[in-house]
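Spelled out from the first residue to the last, the chains are:
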Amino acid sequence: MKLTGARAVRIGTAAAALGGWEAVARSGLLPGTVLPPFSGVVAALYDLVQQSSTWFQFYVSVWAIGMGLAIGAGAGLLIAALIGISASVWRTFEPLLYYVGSLPKIIILPVLLLYLGTGIYSKVGMGAVSAFFPVAITTAQSMREVRGTYIRAARCLGAGPLRLVVNVYAPAAIGPILSGLRLGLAVAVTGVLLAETSVASAGVGYQAMQYYDNLRIADMYALLLLVLLAAVAAN
């Protein structure tokens, strides 16, 4: 298979980075408890993927991410449909969405723990809050950019607000909506894993912290590498 220029650059950059990692780790410039050799991380990864406990931790995290994304994206699409259809409503709520959406979501974790407890549902809540804002903002913004001629033509044919959303706004804004969903997935993953590193008894983030606490640094890097590979595959 012929490599394109961009793909060759990506592969070359990755190979150089991994080679540099291996060289620095073996040079002794950093202790092995900080940066183990990449070859050792690959060996640890091989061991991890054969352990059922690894896949259980992934199942816990994927379930929380999936539920959080479904709730957050669903709420984001609903809110966007309500506020994006009207220019005046959008002007009123646009600053609020941007201001609240720019806050680090990790500061909401104590509130989620208070209402949802320390179990998996607080992690679902973290994923939902993280996914809500990019989906709501990108969807509502894309609705406001739909051509007015499409909207007027549909209204002349008797389309009400619901039919406008389904038959005009949604098809015209499908590209930005999908981009918002992809971004929502990315931040949902980040939110859930961050929450798991703070207060949890299962999940990938929790397991990574267990490896760190027990100085199993190669295993920690291997688990993070597995998360990276899973994220690339999902995206």
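In this report, we go over the structure that sits alongside the text. (Residues numbered from 1 in each chain as written. Predicted model: local features only at pLDDT ≥ 70, side-chain atom pairs only at ≥ 80, totals over all residues. Heavy atoms only, no water.)

**Considerations on the packing of helix α1 (residues 5–27) against helix α2 (residues 38–48)**
- Contact geometry of α1 with α2 gives a least axis separation of 8 Å together with a crossing angle of 105 degrees. The pairing of α1 with α2 is recorded here as roughly perpendicular in orientation. Between α1 and α2, the residues in contact are L18, W21, E22 and R26 and F38, S39 and V41, respectively.
- Taken together, the residues of the contact of α1 with α2 sort by class into 4 nonpolar, 1 polar and 2 charged. (Axes fitted to C-alpha atoms, helices over the stretch in contact; angles between N-to-C directions. Helix = DSSP H or I, 4+ residues; strand = E, 2+ residues; numbered from the N terminus. Parallel < 35°, antiparallel > 145°, perpendicular 65-115°, else oblique. Contact = heavy atoms within 4.5 Å. Nonpolar A, V, L, I, M, F, W, Y, C, P; charged D, E, K, R; others polar.)

**Describing unusual backbone geometry**
- A positive phi angle, close to 55 degrees, is found at L215, a residue other than glycine.
- Mapped onto the fold, L215 is located in the loop between α10 (204–213) and α11 (217–234).

**Concerning the environment of L225**
- Inspection of the secondary structure assignment puts L225 in helix α11.
- Separated by 103 residues in the primary sequence, L225 and S122 have C-alpha atoms spaced 25 Å apart.

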